[in-house]
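Here are the chains, one letter per residue:
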Amino acid sequence: MCGKYVAYVGSYTRKKARGITIYDVDAEKGRMKFRREVAITNPSYLKIDPHRRVLYSIEDAGITAFKILDNGDIERINTVGINGMRGCFIDVDSSGEYVYVAGYHDGKITMLSLTEYGGISRITDEVYLKGLGKPYEENYRPHVSCCKLTPFEKYLCVADLSVDNYKVYAINREYGKLTQVSLIPCELKSDPREIVFSQTGRFAYTVCTRNKQIEAFEYQSEDKAPVFRSIQKLQLLGKGMSVHSAPYALTRSHDGTFLVASIVEDNSVSFINRDKETGRMSFDFNLPISGDFPKDIQLFPNDRFLASVNHDSHQVTLFKVDREKKTLTMTQRPVDVEYPNCIRFCSVKE
C-alpha cells in the first residue's frame, strides 16, 4: 500500500496531556512517530469527515472543527456548544451538511448544521431520550453511547443503554430535524454500545457489553422506515476470561472480511471472520493487547496492523496482524499517551 498517513489520538487532558496528539504513520511497518500536540479540553471522541477535509472533536465546550492541512496538521476552525454535557460520539454526513453528537451523561442527541468549509454553524435539533423505571433503578436515566448514520444516510441509529435498543431516526435535511421511525430491539440487560455497517450496507453488527455478544442484522432501507432482521448472535468471551470481561469497541476491516472487538477487563482483542455474502460470523482467535482497558481499536488502512488505545495504562500498542498464523506481533515499543480515548488514521499528501 502506497501513500502517507497521520494518526490523531484524543485523550483526556489530565496530567501532561494537552488533548489531540498527531503522529506520523509508517503504514508499511505499522509504526507511529510523535509529531506534536494540539490543545483542546478532553476530546473523548474524534471523527474525520468522509472527504478528509475536517477533523471533528468532542470537547468540554461542545464540538470543535479542525481543518486538516495537506501535511496532516490541523488548524482550529471553530467551536459550538451543544446545550448539554460533554458528548461521547460523533458522526458526520458525506454531504457536509450536518454533524451528529451523542451524549452519554445526559441521554441527548444533537444535530448541528455545517458551513461550506466544514465549520460548525448551529444546533438544528435536540432529542432528549427518556429512561424507564424508578429513580433508584439503573434504567431510569438514558445513556446514549453511539449515533451512527445508516448507508446512504437516510437514517441515524442511536444506541440507548437504558432500554436496550437502538432508536432509528429519519433525517430531514431541509429543516435539520430528526424523527424516530423505528427501533432495533436488543436482549434485555444487554447494554448495546456500538453499531457497524458492512461495506455494501446490506448488514449491520451491534456489540453489547453486558450480554457479551455481537449480533448480526440484515439491513434494508425502506421509504418509510428501515428494516433490521436479526440473523445471528455470537458470544465473544471464551474459556479463561473473567466473568467481568466485556466487549467494548468494535471495528470492521477495510476489505470487509473480518471484525475486531476489544475485550475490557481481559485486555484482549477478538477477531471474527465475516462472510461477505451472507453476513454471518465465526470466531477466529483472541489475543492480549499488552495494556489496560482497550477503549478503542483501529486497523491500519491496509488491514495488516492494529492499534489498541489502552486508556488505563496510558499507551497505544501497535501490532502486526497475521490471520493465517493467528498471531499479533508488536511492531514498536508502546506509544505513551496520557488517558487516550480514540485514534483515527488519515491519508495526507506526499
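To keep things clear, this report deals only with the structure shown in the data block.

About the thresholds
Residues numbered from 1 in each chain as written. Predicted model: local features only at pLDDT ≥ 70, side-chain atom pairs only at ≥ 80, totals over all residues. Heavy atoms only, no water. Pairing = 2+ DSSP bridges. Helix = DSSP H or I, 4+ residues; strand = E, 2+ residues; numbered from the N terminus. Axes fitted to C-alpha atoms, helices over the stretch in contact; angles between N-to-C directions. Polar contact = N/O pair within 3.5 Å; in protein donor to acceptor, adjacent residues only side chain to side chain. Contact = heavy atoms within 4.5 Å. Core = buried A, V, L, I, M, F, W, Y, C linked by side-chain atoms within 4.5 Å. Buried < 20%, exposed > 50% of the residue type's maximum accessible area, 1.4 Å probe, protein only.

**A few points about the sheet that holds strand β5 (residues 54–59)**
Two strands in a sheet stick together by hydrogen bonds in their backbones, pointing the same way (parallel) or opposite ways (antiparallel).
Reasoning step 1: Spatial ordering of the open sheet is given by β4-β5-β6-β7, a layout of 4 strands whose pairing is antiparallel. Two strands bound the open sheet, and with one partner strand each, they are β4 (46–48) and β7 (74–80). On average, adjacent strands in this sheet sit at an angle of 25° to one another, irrespective of strand direction.
Reasoning step 2: Strand direction decides the pairing type here: strand β6 (residues 62–68) and β7, joined by 6 bridges, are antiparallel.

**Things to note about the side chain of Ser 145**
Reasoning step 1: With respect to the helices, strands and loops of the structure, Ser 145 is situated in strand β12 (residues 144–149).
Reasoning step 2: There is a polar contact of 3.4 Å between the side chain of Ser 145 and the backbone oxygen of Pro 192.
Reasoning step 3: The contact partners of Ser 145, leaving out residues within four places of it in the chain, are Cys 88, Phe 89, Tyr 104, Ala 159, Leu 161, Pro 192 and Arg 193.

**Quick word on the nonpolar core**
Reasoning step 1: If you look at the biggest cluster of nonpolar residues, it comprises 47 residues, and the most contacted ones within it are Ile 109 and Phe 228.
Reasoning step 2: Ignoring sequence-local partners within four residues, the contact set of Ile 109 consists of Val 101, Ala 102, Asp 125, Glu 126, Val 127, Leu 129, Val 144, Cys 147, Leu 156, Val 158 and Leu 178.

**Observations regarding the pairing of strand β29 (residues 340–348)**
Reasoning step 1: The buried fraction of β29 amounts to 8 of the 9 residues, a majority that puts the element mostly inside the structure.
Reasoning step 2: Pairing of strand β1 (residues 4–11) with β29 involves 8 bridges; the strand directions are antiparallel. Residue pairing across strands places Ser 11 opposite Pro 340, the latter belonging to β29.

**Points about unusual backbone geometry**
Reasoning step 1: Here the phi dihedral of Asn 42 falls at roughly 50°; this positive angle occurs in a residue that is not glycine.
Reasoning step 2: Of note, Asn 42 is situated in the loop between β3 (31–39) and β4.
Reasoning step 3: With a relative accessible area of 12%, Asn 42 lands in the buried category.
Reasoning step 4: For Phe 293, which is not glycine, the phi dihedral falls at a positive 60°.
Reasoning step 5: Tracing the sequence through the fold places Phe 293 in the loop between β23 (281–288) and β24 (294–299).
Reasoning step 6: On the basis of relative accessible area, Phe 293 is assigned to the partly exposed category, the value being 25%.

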